Amino acid sequence: MKQNETQRQFGDALIECLEAVGASVCFGVPGGQTIPLYAAARRHGFRHVMMRDERNAACAADAYARVSGRIGVCDATVGPGATNLVSGLAEAYASAIPVLAIVADVKTEREHLRVRGVASQAMEQQAMLQGVTKRVSRVHAPEGLPDVFAEAVRTAVTGRAGPAVLEIPEDIFFAPAAGDAVAADPEAGRWPRYGAAPRTEDVAQAAELLTQAQRPLILAGGGALSSREAAEVVALAEQCSIPVVTSINGKGVIDEYHPLSRGVVGVFGSVEASVALRQADVVLVLGSKFAQFNSFLWRLPSARQTLIHVDSDGAGLGRAIPARPSICADAGRTARRLREALGGAAPRAAWQTDLSECPAQPGTAEGDPRVAPEQVILALSDLADEDCVLVSDASLASGWTASRYRVRGSGRHFLAPRGLAGIGWAGGAAIGAALALGDRPGGRVVAVSGDGATSYWIGEVETAVRHRLPIVFVILNNAGFGWIMQGEKMLDIEPRSTFGPVDFAAMGRAMGARGYRAETLEEARAALREAWQGEGPAIVDILTSEDASPSVDWGSLDPAAASAYGAYGMG
């Protein structure tokens, strides 16, 4: 179907809509139905990053939104393209990250042939996508694009943020444009679009509780980091000398070298942080939904503590752990209002955690012949600066990075998929984070992944090479699914879920990246230093222990609640 190149096409109008809301990059995999989008992007000089897999495109859009503060954009063709998007969109949905997914559909005239692929690639994709997004909006005619597009973007960035789908039938994609170009509104693509202020009486009650507290603590989650006023969290902590712990998604709210920082709580966090949270009498929770791993199966914070829960999502208040008061408002704006309310309070010294109750941080057993993953992450901490963004994959990689990597500076310097926690996120996300950094001087992305997760995204190394992105892919290679192997070990199951040996460094070199393989800690440190100094992407494949675990067992904090299955049973 040849288009009239002199006439403004629907694809041109779609690119104009993206540019109008300040979107500057789209990640996707082309299909026959979406060719007009790709053609228009090239005509307009709009940056489109062609990925190897649609799931990775969604992950890239997610990370781009986290780092840039603007809506992320991805695309996929009808049917199998849409199915591949689902895992990436589900993570963004669970983590409240705004993504616009542009998804093609069959021609309108073939709607009756949708079921079971009678029309090529067709399926009931709307029903599938509705379960992992806030809304699926369909363009029924070219003239409807501006309004439907605006509604999809508004849905993604307002309230509890999340992905939205813009579904476009093939015949609409190939149609001429209708109407004039839309007016630019760059603020429409920023998020969060609006942040509710807390009620005066709620602020007064919370301030009174904090004033009376002997051991107040701030628990900052992803909602605090997403706020446009995230810096107010640190300002409140400093004014009132209140220590700060974070969830994994909140990591980076406070510089982790700050004297008030206590680290990440939970199964994948710092033992000291969780001990501090246990010892607090009043906990100000800013933007956390109390996810299972962060709260040790909703046992921390506990009912004996006074909780002040602040979240922009009213439906999440009190859902997992009861709190009084519960404040439906933006976390950063609430921190500012509390700081103002407490302005006249007498300053006091920050209380210190009683470390006599602090068990050892889990790690690699002495004498293990393989490289200790925690030592690799500590080496990365030494190399990183405030311009670095670390992207962690799910499973044990999240545990090693959350507990051992220390963020320099405050802001989005650490990303992890803790919404759905599916492995295979980091490769696409690293590409999105690198594009969000743009040409920032010294900006570098480090992706940390297990070898099981790497198999999901290894092809995207070519994408990073093609775009000459400054990404160091660090693979903790224990030749198996680490979390599963640890569970099998506890249950005395043999054989374990292991793989044959794979040389990921060689695979990286085959795709044009620099590749390094390390079998000792000294080799790993040297490879990381060399990878850091070079240009473009690099893979550092490190043979790590299959027996090491970062997971904190609740029984180590509360021996009376010890379980035979430890952190892996979680029950």
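Coordinates for the structure precede this section.
Predicted model only: the values in this text are computed from it and were never measured.

J.: Honestly, the pairing of strand β10 (residues 282–286) in this entry has me stumped. Any pointers?
T.: Across a regular strand the side chains alternate sides, sitting on one face of the sheet and then on the other. Across the five residues that make up β10, a large majority, five, are buried. Of the pairings in the sheet, the one linking strand β7 (residues 216–220) to β10 comprises five bridges and is parallel in character. Bridge assignment links A220 to a residue of β10, and that residue is L286. Relative to strand β11 (residues 306–311), β10 is paired through five bridges, and the arrangement is parallel. Considered in β11, the bridge of L284 is made with I308.

J.: Just to check I follow, could you spell out helix α4 (residues 80–95) for this structure?
T.: Note that an α-helix has 3.6 residues per turn; residues three or four places apart therefore point the same way. A rise of 1.5 Å per residue sets the reference length of α4, with its 16 residues, at 22 Å; its end C-alpha atoms lie 24 Å apart and thus fit the reference within 8%. In α4, a bend of some 40° at V86 exceeds every other bend along the element. All of the buried residues in α4 are G81, A82, L85, G88, L89, A90, E91, A92, A94 and S95. Lining the buried residues of α4 we find α3 (54–68), β3 (72–76), β4 (99–105) and α5 (125–130). Downstream of α4 by one or two residues, A96 has phi in the positive range, about 60°.

J.: Would you mind showing me how to read the side chain of N478 here?
T.: Its place among the elements puts N478 in the loop between β16 (471–477) and α18 (482–490). For N478, a relative accessible area of 11% translates into the label buried. Contacts of N478, omitting those with residues within four sequence positions, involve D451, M485, T544, S545 and E546.

J.: Sorry if this is basic, but what is going on with the pattern of salt bridges here?
T.: Side chains bearing opposite charge may pair, as long as their charged atoms lie close to each other. Overall, the coordinates contain 24 salt bridges when judged by the stated rule. A salt bridge links E91 to R66, with the shortest nitrogen-to-oxygen separation between them at 3.4 Å. Taken together, the residues span a long stretch of sequence, with E91 in helix α4 and R66 in helix α3 at a distance of 25 residues. R66 shares its class with E91; the two are buried. The partner of R496 in a salt bridge is D547, with the nearest N and O atoms 3.3 Å apart. Remark: D547 occurs in the loop between β18 (538–543) and α21 (554–557) and R496 occurs in the loop between α18 and α19 (504–510); sequence separation between them is 51 residues.

J.: Help me understand the packing of aromatic side chains, please; the structure alone is not making it clear to me.
T.: Aromatic ring pairs are described here by two measures, namely the spacing of the ring centres and the angle between the planes. Throughout the structure, instances matching the rule amount to eight aromatic pairs. When the centroid spacing of 6.0 Å and the interplanar angle of 85° are considered together, the rings of F10 and F173 count as edge-to-face. With F10 in helix α1 (residues 10–20) and F173 in helix α7 (residues 170–173), this pair connects stretches of sequence that are 163 residues apart. The exposure class of F10 is buried, given its relative accessible area of 0%. Taking the relative accessible area as the measure of exposure, F173 reaches 0% and is therefore buried. Each residue in the set F268, F293 and W483 is aromatic and connected to the rest through ring pairs, giving one cluster. Of note, R406 hangs over the ring of Y257, and the distance from its end group to the ring centre comes to 3.9 Å. Of note, R444 hangs over the ring of W532, and the distance from its end group to the ring centre comes to 5.7 Å.

The rules behind these values
Residues numbered from 1 in each chain as written. Predicted model: local features only at pLDDT ≥ 70, side-chain atom pairs only at ≥ 80, totals over all residues. Heavy atoms only, no water. Buried < 20%, exposed > 50% of the residue type's maximum accessible area, 1.4 Å probe, protein only. Helix = DSSP H or I, 4+ residues; strand = E, 2+ residues; numbered from the N terminus. Pairing = 2+ DSSP bridges. Expected span 1.5 Å × (residues − 1). Bend = angle between axes of the 7 residues up to and from the residue. Contact = heavy atoms within 4.5 Å. Salt bridge = Lys/Arg side-chain N within 4 Å of Asp/Glu carboxyl O. Phe/Tyr/Trp six-rings, centres within 6.5 Å; stacked < 30°, edge-to-face > 60°. Lys NZ or Arg CZ within 6 Å of the ring centre and 35° of its normal.

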